[in-house]
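# Analysis of the macromolecular model
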Amino acid sequence: MNPLLLILLQATLTPEQIEAKRDSIRAGARMMIETAKNDPHTFWLEVGEAALQFGVKVLVALLLFVIGLLLIRWMKNILNKVFARRKTEPTIASFVSSFVTISMTVLLVIITVSTLGVNTTSLAALLAAGGMAIGMALSGTVQNFAGGIMLLAFKPFKAGDFIEAQGTSGKVIEVNITATKILTLDNRVVILPNGALSNGVINNFNGRPLRRVEWSVSVSYGVDAAKCKEAILAIVNSEPRVLQSNTDMKKLYKELNISAFQLSTVNYRMETIPAPFVALKSLNENDITFVVRAWVRGGDYWDVFFALQERFYTELPPQGFTFAYPHVDVTMLKS
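Residues numbered from 1 in each chain as written. Predicted model: local features only at pLDDT ≥ 70, side-chain atom pairs only at ≥ 80, totals over all residues. Heavy atoms only, no water.

## What about the packing of aromatic side chains?
Evaluated as defined, the whole model comprises eight aromatic pairs. Centre to centre, the rings of Trp302 and Phe306 are 5.6 Å apart; their planes meet at 25 degrees, and the pair counts as stacked. Of this pair, Trp302 and Phe306 both sit in helix 11 (residues 301–315), four residues apart, which is roughly one turn of the helix. Every member of this aromatic cluster is reached through a ring pair, and the members are Trp215, Tyr301, Trp302, Phe305, Phe306 and Phe312. Between Arg211 and the ring centre of Tyr301, over which it is positioned, the NZ or CZ distance is 3.8 Å. (Phe/Tyr/Trp six-rings, centres within 6.5 Å; stacked < 30°, edge-to-face > 60°. Helix = DSSP H or I, 4+ residues; strand = E, 2+ residues; numbered from the N terminus. Lys NZ or Arg CZ within 6 Å of the ring centre and 35° of its normal.)

Below, the structure written as structure tokens:
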């Protein structure tokens, strides 16, 4: 018996059924040989008729397969046009298109095989058994596949966002169905499996269009706290990239190209910007610390942080607000 046929039978039939199939094939082969010996004319007539019928089935199956491929291609083009018109996330569009294409192709193959007269019940059982075996062997990949679907469905981040996850921080450069690629600040590409990523903590620094910047400014004891606060606040307010409480929010969101759908989501829209804030935070061993807070556009976060940090260092001491450092006062007594 053909080894491939034997494998198919063993995957779907019991040993008793396999032996019965073997006996049936042997009996049919003996009958064909006897017919060919005793009545060659009838034998070849039946062979020709069977070949003609099978040929017709093959032509119908080929025609059906070609038409099916054209329909699948047409469906794929329709999906791509719909995704492009609705500006769907490229990762989601690619996954859905591939999934639909593969599913329809498998269905087309099964229909084509059934057209040839092959019993597709055994084929379906074999595919199910093979799928289960592959799923068990690739359990980690299946987990990553499920994690990719979760990430694509709930969108905790998208390509271009700066995130921190699984002990890695960087810019997301690609999100596919099994893994996510992160470009770190030192230009390394880190590939994170979606299974672990979807079940872990994700810190998305670009999750909102506006962010609050915070500084800690420590100065020596003895300074006038009120005047120091005024000096710090003046520096912050002189920075044009710092948002003020009178900022036109409608104009700001339009500038940032924020869609109406995004603005309708929970906690995405801010009605007003809190004014820059300065307060005495703590009394330390060698100094006092002021906390400084201000709101900026997400893309200006680090530029504003470093710019004002430098201005605090260079502009506060000339105004009499010196920075403290650990020191020891030693008093010498004359004996």
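## Structural notes on the sheet that holds strand 1 (residues 162–165)
Taken together, five strands build an open sheet; the order of strands is 4-3-2-1-5 and the sheet is antiparallel. A strand with exactly one partner marks an edge of an open sheet, and here the two such strands are strand 4 (189–193) and strand 5 (202–204). Averaged over all adjacent pairs, the angle separating strand axes in this sheet is 40 degrees, with direction ignored. Two elements, strand 3 (residues 179–183) and strand 4, share five bridges in a ladder whose sense is antiparallel. The residue of strand 4 that forms the bridge with Lys181 is Ile191. (Pairing = 2+ DSSP bridges. Axes fitted to C-alpha atoms, helices over the stretch in contact; angles between N-to-C directions.)

## A few points about the side chain of Thr180
Looking at the element boundaries, Thr180 is found in strand 3. A residue is classified by how much of its surface remains accessible, and Thr180, at 0% relative accessible area, is buried. A distance of 2.8 Å separates a polar atom in the side chain of Thr180 from a polar atom in the side chain of Asn194. When near neighbours in sequence (up to four residues on either side) are disregarded, Thr180 contacts Leu151, Phe157, Val172, Glu174, Val175, Val190, Ile191, Leu192, Asn194 and Leu197. (Buried < 20%, exposed > 50% of the residue type's maximum accessible area, 1.4 Å probe, protein only. Polar contact = N/O pair within 3.5 Å; in protein donor to acceptor, adjacent residues only side chain to side chain. Contact = heavy atoms within 4.5 Å.)

## Digging into the nonpolar core
Trp215, Ile232 and Phe312 are the most contacted members of the largest nonpolar core, which totals 24 residues. Among the elements of the structure, strand 6 (210–219), helix 8 (225–237), strand 8 (288–297) and helix 11 are those that each provide at least two residues to this core. (Core = buried A, V, L, I, M, F, W, Y, C linked by side-chain atoms within 4.5 Å.)

## Thoughts on the sheet that holds strand 6
What the three strands build is an open sheet, ordered 6-8-7; its pairing is antiparallel. Bordering the open sheet on either side are strand 6 and strand 7 (277–283), each of which pairs with just one other strand. Averaged over all pairs of adjacent strands, the angle between strand axes in this sheet comes to 25 degrees, irrespective of strand direction. The sheet contact formed by strand 7 and strand 8 spans six bridges and is antiparallel. Looking at strand 8, one finds that Ala279 is bridged to Val291. The sheet strands contacting helix 8 are strand 6, strand 7 and strand 8, and the helix crosses strand 8 at an angle near 25 degrees. Running at roughly 20 degrees to strand 6, helix 11 makes contact with strand 6 and strand 8 of the sheet.

## Describing the side chain of Asp287
Its location among the elements puts Asp287 in the loop between strand 7 and strand 8. Among the polar contacts made by the side chain of Asp287, one reaches the side chain of Asn284 at a distance of 2.6 Å. When residues no more than four places from it in sequence are discounted, the contact partners of Asp287 are Ser218, Val219, Tyr221 and Ala324.

## Quick look at helix 11
The terminal C-alpha atoms of helix 11 lie 21 Å apart, and with 15 residues this matches the ideal 21 Å at 1.5 Å per residue to within 8%. What helix 11 keeps buried is the set Tyr301, Val304, Phe305, Leu308 and Phe312. Looking straight down helix 11, one finds its buried side chains confined to an arc of 100 degrees; they lie on one side. Turned more than 90 degrees from where helix 11 packs its buried face, Phe306, Glu310 and Tyr313 sit exposed. Its buried side turned inward, helix 11 meets strand 6, helix 8 and strand 8. (Expected span 1.5 Å × (residues − 1). Arc of directions from axis to C-beta.)

## Some remarks on unusual backbone geometry
Residues apart from glycine generally show negative phi values, whereas peptide bonds are mostly found in trans. Of note in the backbone geometry, Lys155 takes a positive phi value of approximately 50 degrees without being a glycine. Here Lys155 is to be found in the loop between helix 6 (139–154) and strand 1.

## Regarding helix 8
Owing to its 3.6 residues per turn, the α-helix aligns residues three or four sequence positions apart on the same side. The terminal C-alpha atoms of helix 8 lie 18 Å apart, and with 13 residues this matches the ideal 18 Å at 1.5 Å per residue to within 8%. Those residues of helix 8 not exposed but buried are Cys228, Ala231, Ile232, Ile235 and Val236. One side of helix 8 carries all its buried residues, which in axial view fall inside an arc of 135 degrees. Summarising the geometry of helix 8, the exposed residues directed more than 90 degrees from the buried face are Lys227 and Glu230. For helix 8, the capping residue at the N-terminal end is Asp224, with a side-chain oxygen 3.1 Å from the backbone nitrogen of Ala226.

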